[in-house]
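Notes for the structure review
Here's the letter readout for the chains.
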Amino acid sequence: MASRGAFQLNVILILAIAATAFSALSPYYYEHVCPEALPTIKRVVEAAVYNERRMGASLLRLHFHDCFVNGCDASVLLDSTSTIDSEKNSRANQNSIRGFEVIDQIKIEVDKICGRPVFSCADILAVAARDSVVALGGPSWMVPLGRRDSTTASRTQADSDIPSPFMDLPALIENFKRQGLDERDLVALSGGHTLGFAQCFTFRDRIYSETNIDDDFAEERRKTCPRIGGNTTLAPLDPSPVRFDTAYFNNLVEEEGLLHSDQALFNGGSTDELVKVYSENARAFSADFAKSMVKMGNIKVLTGEAGQIRLNCRKVI
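Anyway, here's the lowdown on the structure attached to this text. (Residues numbered from 1 in each chain as written. Predicted model: local features only at pLDDT ≥ 70, side-chain atom pairs only at ≥ 80, totals over all residues. Heavy atoms only, no water.)

Each helix and strand counted, the protein chain has 14 helices and 2 strands in total. Compactness check: the protein chain gives a C-alpha radius of gyration of 19 Å against a globular reference of 20 Å for 317 residues, within 12% of the reference. Its C-alpha atoms give the protein chain principal-axis dimensions of roughly 55 × 50 × 35 Å. Across the 317 residues of the protein chain, 54% fall into the buried class. Residue pairs at least 24 apart in sequence account for 76% of intrachain contacts in the protein chain once pairs closer than 6 positions are excluded. Carbon and sulfur atoms form 52% of the exposed surface of the protein chain, whose accessible area is close to 14100 Å². A gap of 4 Å separates the mean positions of the 34 positive and 41 negative side-chain charges of the protein chain. (Helix = DSSP H or I, 4+ residues; strand = E, 2+ residues; numbered from the N terminus. Rg over C-alpha atoms; globule rule 2.2 N^0.38 Å. Buried < 20%, exposed > 50% of the residue type's maximum accessible area, 1.4 Å probe, protein only. Contact = heavy atoms within 4.5 Å. Areas by Shrake-Rupley, 256 points an atom, 1.4 Å probe, with all protein chains shown as cover. Lys, Arg positive; Asp, Glu negative; His and termini not counted. Charge placed at Lys NZ, Arg CZ, Asp CG, Glu CD.)

Here is the structure:
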């Protein structure tokens, strides 16, 4: 336990230093205006994850899907209006992303403890993702803060920019490259699939048609995902879907990746070696995951006078 604590402290210190490179954001942004905000977010997230451990993966995914569409600006939270085509209705998000009620609760509690709406919804997403990972046994990191919220959303952009579970490795590399993320970020962030579940329709072709898959694994998955029907039936992305560990990468080495885009990371390509490293070295994975989360959280952020601080995370002021 002492060794694990020392390692997490080192990760936090390294990322605190790295965060200073992002001049627009700072881990201490709310230190004086609302010092109780971060403990409040942690409390609500821990309660939500305790109530439903799957929620941790859902909150992590919300942040990821937000950042990949025009940056980390909380656009994913906006409901449809006459002028907003909600990203919630995109192919990657419809009937899939969840956890909005937890974000709503966090916003209410934080604004109450701060005495006014000073903490952005975009920052709430970033902090909730970190706290979810920690609650499920993963690493911690200092979250650079100071993002502001968008005043618009784009379902079309979400359809275009959120990586698909059907992508091969070149497509994934290009998709991440457009966001300023490299192959190490791709593999590390894909390791977020150590948490959560996927719907049958996202992996049906893989378990029935692909050859780079363990036979016993495919047969087991076919029991709950028929060729026809059962599209929304869930299967775990790795054997321990509510614990942050290296089982996801172990699965890839054994050709037991659930999604086509998962197994693409270990299929004779340029990312094979990094997958092996992570499968054998939990500390390396945790450290790189934390670094890549900080890097992803800085994509096209709104700061200063840009955007707004929403009163309600689902609506533009």
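A full pass over the atoms with the stated rule returns 13 aromatic pairs. With 6.0 Å between their ring centres and 75 degrees between their planes, tryptophan 141 and phenylalanine 289 make a pair best called edge-to-face. With tryptophan 141 in the loop between α5 (121-135) and α6 (155-161) and phenylalanine 289 in helix α14 (residues 282-296), this residue pair connects regions lying 148 residues apart in the sequence. An identical accessibility class is assigned to tryptophan 141 and phenylalanine 289; each is buried. Three or more aromatic residues joined by ring pairs form one cluster here, namely Trp141, Phe244, Tyr248, Phe249, Tyr278, Phe285 and Phe289. The ring centre of phenylalanine 100 lies 4.2 Å from the NZ or CZ of lysine 88, which sits over that ring. (Phe/Tyr/Trp six-rings, centres within 6.5 Å; stacked < 30°, edge-to-face > 60°. Lys NZ or Arg CZ within 6 Å of the ring centre and 35° of its normal.)

With that settled, consider the layout of surface pockets. Estimates place the volume of the largest pocket at around 1000 Å³. Forming the walls of the largest pocket are 43 residues, and the residues nearest its centre are Arg61, His65, Pro163, His193 and Leu259. With 6 residues, the single largest contributor to the lining of the largest pocket is helix α3 (residues 55-67). When grouped by side-chain class, the residues that make up the lining of the largest pocket number 24 nonpolar, 13 polar and 6 charged. By volume, the second largest pocket is sized at about 230 Å³. Of all the secondary-structure elements, those providing two or more residues to the lining of the second largest pocket are α2 (37-51) and α5. Of the residues belonging to the lining of the second largest pocket, the class tally is 14 nonpolar, 1 polar and 2 charged. (1 Å grid on protein atoms, 1.4 Å probe; cavity = no way out; pocket = protein on both sides within 12 Å on 5 of 7 lines; lining within 4 Å. Points joined across faces, edges and corners; volume = space filled by probe spheres on them. Nonpolar A, V, L, I, M, F, W, Y, C, P; charged D, E, K, R; others polar.)

By size, the foremost hydrophobic cluster in this structure holds 73 residues, and its most contacted members are Leu77, Ile103, Ile106, Phe119, Leu265 and Phe289. Of all the elements, α5 adds the most residues to this core, at 9 residues. The contacts of phenylalanine 119, once residues within four sequence positions are left out, are Tyr30, Ala37, Leu38, Ile41, Lys107, Val110, Ile124, Val127, Leu145 and Ile309. Of all hydrophobic cores here, the second largest spans 13 residues; its members include Tyr208, Ile213, Phe217 and Ala235. (Core = buried A, V, L, I, M, F, W, Y, C linked by side-chain atoms within 4.5 Å.)

What follows deals with empty space enclosed by the protein. Space left empty within the atom packing is revealed by a probe, the size of a water molecule, rolled over the atoms. Scanning all chains against the criterion turns up 1 cavity of 30 Å³ or more. Looking at the largest cavity, its volume works out to about 50 Å³. Looking at the largest cavity, the residues that line it are His63, Ala126, Trp141, Val143, Pro144, Arg147, Met293, Val294 and Gly297. Looking at side-chain class alone, the lining of the largest cavity contains 6 nonpolar, 2 polar and 1 charged residues.

Turning to its location among the elements, aspartate 238 is positioned in the loop between β2 (234-236) and α11 (247-253). With no salt bridge to any partner, buried aspartate 238 finds its closest opposite charge in arginine 243, at an N-O distance of 7.3 Å. Only 2.8 Å separates the side chain of aspartate 238 from the backbone nitrogen of serine 240, close enough to count as a polar contact. With residues up to four places along the chain from it excluded, the contact list for aspartate 238 reads His193, Thr194, Asp245, Ala247, Tyr248 and Asn251. (Salt bridge = Lys/Arg side-chain N within 4 Å of Asp/Glu carboxyl O. Polar contact = N/O pair within 3.5 Å; in protein donor to acceptor, adjacent residues only side chain to side chain.)

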